[in-house]
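Breakdown of the fold
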Number of protein chains: 2
Amino acid sequence: MSIRIGILGYGNLGRGVEAAIAHNPDMELVGVFTRRDPASVKIATAGVSVYHTDDAEKMQDQIDVMIICGGSATDLPKMTPKYAAMFNVVDSFDTHAHIPEHFAAVDAAAKKAGKIGLISCGWDPGMFSLNRVYANAILPDGKDYTFWGRGVSQGHSDAIRRIEGVKDARQYTCPVEAAVESVRAGENPELTTRQKHTRECYVVAEAGADLARIEREIKTMPNYFDEYDTTVHFISEEELQRDHAGLPHGGFVIRSGKTGDGTHKHIIEYRLKLDSNPEFTGSVLAACARAAYRMNQDGQTGGKTMLDIAPAYLCAQSGEELRAHLL
Amino acid sequence: MSIRIGILGYGNLGRGVEAAIAHNPDMELVGVFTRRDPASVKIATAGVSVYHTDDAEKMQDQIDVMIICGGSATDLPKMTPKYAAMFNVVDSFDTHAHIPEHFAAVDAAAKKAGKIGLISCGWDPGMFSLNRVYANAILPDGKDYTFWGRGVSQGHSDAIRRIEGVKDARQYTCPVEAAVESVRAGENPELTTRQKHTRECYVVAEAGADLARIEREIKTMPNYFDEYDTTVHFISEEELQRDHAGLPHGGFVIRSGKTGDGTHKHIIEYRLKLDSNPEFTGSVLAACARAAYRMNQDGQTGGKTMLDIAPAYLCAQSGEELRAHLL
């Protein structure tokens, strides 16, 4: 029998999860849940219905895992604990600083309901976190580096769009190649924010807008840009559509450490190069839904992160198959 | 209280484990066990005794985890099941083709004793296996590539040493850079054995030996060299000692996959660059010993691999600390 999945929220990430389920024959999409009018939402999977979120409660015996595709700022802190009281749930909560309190809320709700509440799945937090933990466990005497990009930051793109005179914008976060190479060479550099990443902005300005002012406002924007070397390119709307329509992303997690008397250095590197951030994140969420279902079947309950998942739970193959072919 | 560790076997790997324990304050080395005369074995850790393997049985209440540092060909198939009947055990069994039967033997012994029998820990099998499983779980529609090196293969070095007229030798396995780059570019190449790796041999010949014959015998040796492009360098004993004394290794695991309608490609890459293969492998075994102890404390028993370990078990920090700082 397949694992019956619900998707709550149908933006870029919800569509990414839907696409991932189609690649996993042991999973079945039961429904998409939305806060909008269900009649206004058209989904990609033939024969699957769109429901209002209010209907989810009545469908507890039809769904094994609900994947919650909301924003971390306001949606998930409310939604994940709420639905963890009804379903095994998976989310991609990514506000690192607030993970402990989000975990506590989801853990309480999931434990009470006898369900699994799996939070902060994706690639960072998620696969990058796993690689930080594995590398720290193996090389306790070492130093961690995380680089992001080259990829589109939606938060930074939105920040540019809020400037007066800006019609549209796309911001790429780029790792500084020299810094990555120094880390890879085991030089253990101390790197400032500016030395690790640069920011590239592609901006469509409104006709007659003061370009110099827009550029200045971007480059001096606190938190978002002022600590970085930022370049601003003004382009046409056509160029933005043609050259910057995608949502690529990726990055590197590197740990550099020593063993023995310190003579021997070791570099552990994990790297992602993603054509579509939401489709990759959705694929991680789908694998996590499989794990959440299986862990709950095995009697586990409560709040979890990817650090609590035995890797075999994520993969469709059996333990025997994994030992014979992938170990 | 620290986790009390025994090391069984004191070759390169046993010394690597010993070095790793010194970097992990939550672990304590209780003793090294050897089949040789204990008086003949001098270890690095002050104040720790060397025992004969026959004494291990009497020390079951003094040791939480026994790390078994033997060879995969003949030692581990006997030793790991034997000691799994007395201790939580960890080994680095690396004959991929025989993992299923080794797992079955260790599983039976460990289950009966109520212990954990954790096999095939290290980097391949081990960290590379984990990365193959994670990447397969996330991108079911894709292709795996594993490259090894540049690093010393002890098996291939030994094979050269068995040739008449060879005094000493060191063999490096090297990934073909063009193949790695093609995989990284998402080209999904079909690669033959020859296209993936080359073999570099540094050979010290006995005085007056027929160098042309030695080179020919190396290059045509079945299984070891005949399917590869192999280069042979004759060097002096001094040069071998000066330039090739270490045991570096490493490699790459790359999965290239597609999501959605196939438009979007993703590359997941895991890379190790190790100055000392035995010290790195020993560091993985030490982390695995921590996990074996904790899993057993949590009531788990039986045969396990790294695919069955929730990553948080490997790391000294608590779940709260990991969620706050590494997630």
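Nothing here was measured: the structure is a model prediction, and the numbers come from that model.

**Here we look at helix H10 (residues 277–297) of chain A**
Residue and element names in this part refer to chain A. With 21 residues, H10 extends 30 Å from end C-alpha to end C-alpha; this agrees with the ideal 30 Å at 1.5 Å per step. The residue sitting at the N-terminus of H10 and contributing the capping side-chain oxygen is Ser276; that oxygen lies 3.1 Å from the backbone nitrogen of Glu279. Immediately beyond the C-terminal end of H10, within one or two residues, lies Gly299, with a positive phi of roughly 95°.

**Some points on the side chain of Asn24 of chain B**
Along the chain, Asn24 of chain B falls in the loop between helix H1 (12–22) and strand E2 (27–34). A polar contact of 3.0 Å, which involves the side chain of Asn24 of chain B, links it to the backbone oxygen of Ala20 of chain B.

**Things to note about the interface of chain A and chain B**
Contacts between the two partners involve 63 residues from chain A, matched on the other side by 63 residues from chain B. For the pair chain A and chain B, the two sides together bury roughly 5600 Å², of which 64% comes from carbon and sulfur. Contact with chain B buries surface across chain A, with Tyr134, Arg323 and Leu327 of chain A losing the most and accounting together for 14% of the total. Joining chain A to chain B, the criterion identifies zero salt bridges. In this structure, the connection of chain A to chain B is made through 21 residue pairs in polar contact (both at pLDDT 80 or more). For the side of chain A that touches chain B, the secondary-structure elements that each account for two or more residues are helix H3 (99–113), helix H4 (127–138), strand E12 (249–259), strand E13 (264–274), H10 and helix H11 (319–325) of chain A. Here the element with the most residues in the side of chain A that touches chain B is E13 of chain A; it accounts for eleven residues. The residue inventory of the side of chain A that touches chain B, partitioned by class, reads 33 nonpolar, 15 polar and 15 charged.

**Things to note about the pattern of salt bridges**
In total, this model carries 36 salt bridges over all chains according to the counting rule given. With a shortest N-O distance of 2.8 Å, Asp124 of chain B and Arg132 of chain B are connected by a salt bridge. Accessibility classification places Asp124 of chain B together with Arg132 of chain B in one group, the buried group. With a shortest N-O distance of 3.7 Å, Lys143 of chain B and Glu190 of chain B are connected by a salt bridge. Of the two residues, Lys143 of chain B sits in strand E7 (residues 142–148) while Glu190 of chain B sits in the loop between helix H6 (177–184) and helix H7 (193–196), which places them 47 residues apart along the sequence. With relative accessibility at 66%, the residue Glu190 of chain B sits in the exposed group. Each of Asp158, Arg161 and Asp168 of chain A takes part in a single network of salt bridges with overlapping partners.

**Some remarks on the relation of the copies chain A and chain B**
Between the two copies of the chain lies a rotation about an axis combined with a shift along it. Once turned by 180° and shifted 0.0 Å along the axis, chain A lies on chain B with an RMSD of 0.0 Å. Here the transformation between the copies is reduced to the relation of a two-fold axis.

**Some thoughts on the nonpolar core**
In this structure, Val90 of chain A together with Val90 of chain B are the most contacted members of the largest nonpolar core, which totals 162 residues. Apart from the residues lying within four places of it in its own chain, the contact partners of Val90 of chain A are Val65, Met66, Ile67, Ile68, Leu118, Cys121, Leu285, Cys288, Ala289 and Ala292 of chain A.

**Description of the side chain of Asn277 of chain A**
Structurally, Asn277 of chain A can be placed in helix H10. In contact with Asn277 of chain A, other than residues within four places in its own chain, are Trp123, Leu247 and His249 of chain A.

**What to know about the packing of aromatic side chains**
Taken as a whole and assessed by the stated rule, the structure comprises nine aromatic pairs over all chains. Ring centres of Tyr134 of chain A and Tyr134 of chain B lie 6.2 Å apart, and the angle between their planes is 65°; this geometry places the pair in the edge-to-face category. Remark: Tyr134 of chain B occurs in helix H4 (residues 127–138) and Tyr134 of chain A occurs in helix H4; the pair is interchain, linking two chains. Judged by its relative accessible area of 4%, Tyr134 of chain B falls in the buried class.

**Observations concerning the sheet that holds strand E14 (residues 302–304) of chain A**
Residues and elements named next belong to chain A. Sheet architecture is open: seven strands sit in the order E3-E2-E1-E4-E5-E6-E14, paired in parallel fashion. Edge positions in the sheet fall to strand E3 (49–52) and E14, since each of these pairs with one other strand and no more. Averaged over all pairs of adjacent strands, the angle between strand axes in this sheet comes to 25°, irrespective of strand direction. Relative to strand E5 (residues 88–91), strand E4 (residues 65–68) is paired through four bridges, and the arrangement is parallel. Looking across to E5, one finds that Ile68 is bridged to Asp91. Across the face of the sheet, helix H2 (residues 75–84) comes into contact with strand E1 (3–8), E4 and E5 while running at roughly 160° to E5.

**Here we look at helix H1 (residues 12–21) of chain A**
A large share of H1 of chain A lies buried, amounting to eight of its ten residues. Taken together, the buried positions of H1 of chain A are Leu13, Gly14, Gly16, Val17, Glu18, Ala19, Ala20 and Ile21 of chain A.

**Some thoughts on the sheet that holds strand E5 (residues 88–91) of chain B**
Residues and elements named next belong to chain B. Pairing is parallel in the open sheet, where seven strands are placed in the order E3-E2-E1-E4-E5-E6-E14. The sheet terminates laterally at strand E3 (49–52) and strand E14 (302–304), the two strands that pair on one side only. Strand-to-strand, the axes of this sheet are offset by a mean angle of 25°, without reference to chain direction. Bridge count for strand E1 (residues 3–8) against strand E4 (residues 65–68) is four bridges, and the pairing is parallel. Across the sheet, Ile7 pairs through a bridge with Ile67, a residue of E4. The strands touched by helix H2 (residues 75–84) within the sheet are E1, E4 and E5, with E5 carrying the most contacts at an inclination of about 160°.

**Considerations on the confidence of the model for chain A**
Residues of chain A with pLDDT of at least 70 account for 100%, and the chain-wide mean is 97. Prediction confidence for the complex, expressed as pTM and ipTM, is 0.97 and 0.97 respectively.

**Some thoughts on unusual backbone geometry**
With an omega of -5°, the peptide bond running from Gly149 of chain A to Arg150 of chain A counts as cis. In this structure, Arg150 of chain A sits in the loop between strand E7 (142–148) and strand E8 (151–152). Between Asp124 of chain B and the following residue, Pro125 of chain B, the backbone shows a cis peptide bond with an omega angle of 5°. By secondary structure assignment, the location of Pro125 of chain B is in the loop between strand E6 (116–118) and H4. Unusually for a residue other than glycine, Ser120 of chain A sits at a positive phi of about 60°. Structurally, the position occupied by Ser120 of chain A is in the loop between strand E6 (116–118) and H4. Ser120 of chain A sits in the buried class, given a relative accessible area of 1%.

The rules behind the values
Residues numbered from 1 in each chain as written. Chains lettered and ligands numbered in written order. Predicted model: local features only at pLDDT ≥ 70, side-chain atom pairs only at ≥ 80, totals over all residues. Heavy atoms only, no water. Helix = DSSP H or I, 4+ residues; strand = E, 2+ residues; numbered from the N terminus. Expected span 1.5 Å × (residues − 1). Polar contact = N/O pair within 3.5 Å; in protein donor to acceptor, adjacent residues only side chain to side chain. Contact = heavy atoms within 4.5 Å. Buried area = accessible area lost by both parts, 1.4 Å probe. Salt bridge = Lys/Arg side-chain N within 4 Å of Asp/Glu carboxyl O. Nonpolar A, V, L, I, M, F, W, Y, C, P; charged D, E, K, R; others polar. Buried < 20%, exposed > 50% of the residue type's maximum accessible area, 1.4 Å probe, protein only. Least-squares fit on C-alpha atoms with pLDDT ≥ 70 in both. Core = buried A, V, L, I, M, F, W, Y, C linked by side-chain atoms within 4.5 Å. Phe/Tyr/Trp six-rings, centres within 6.5 Å; stacked < 30°, edge-to-face > 60°. Pairing = 2+ DSSP bridges. Axes fitted to C-alpha atoms, helices over the stretch in contact; angles between N-to-C directions. pLDDT = per-residue confidence, 0-100.

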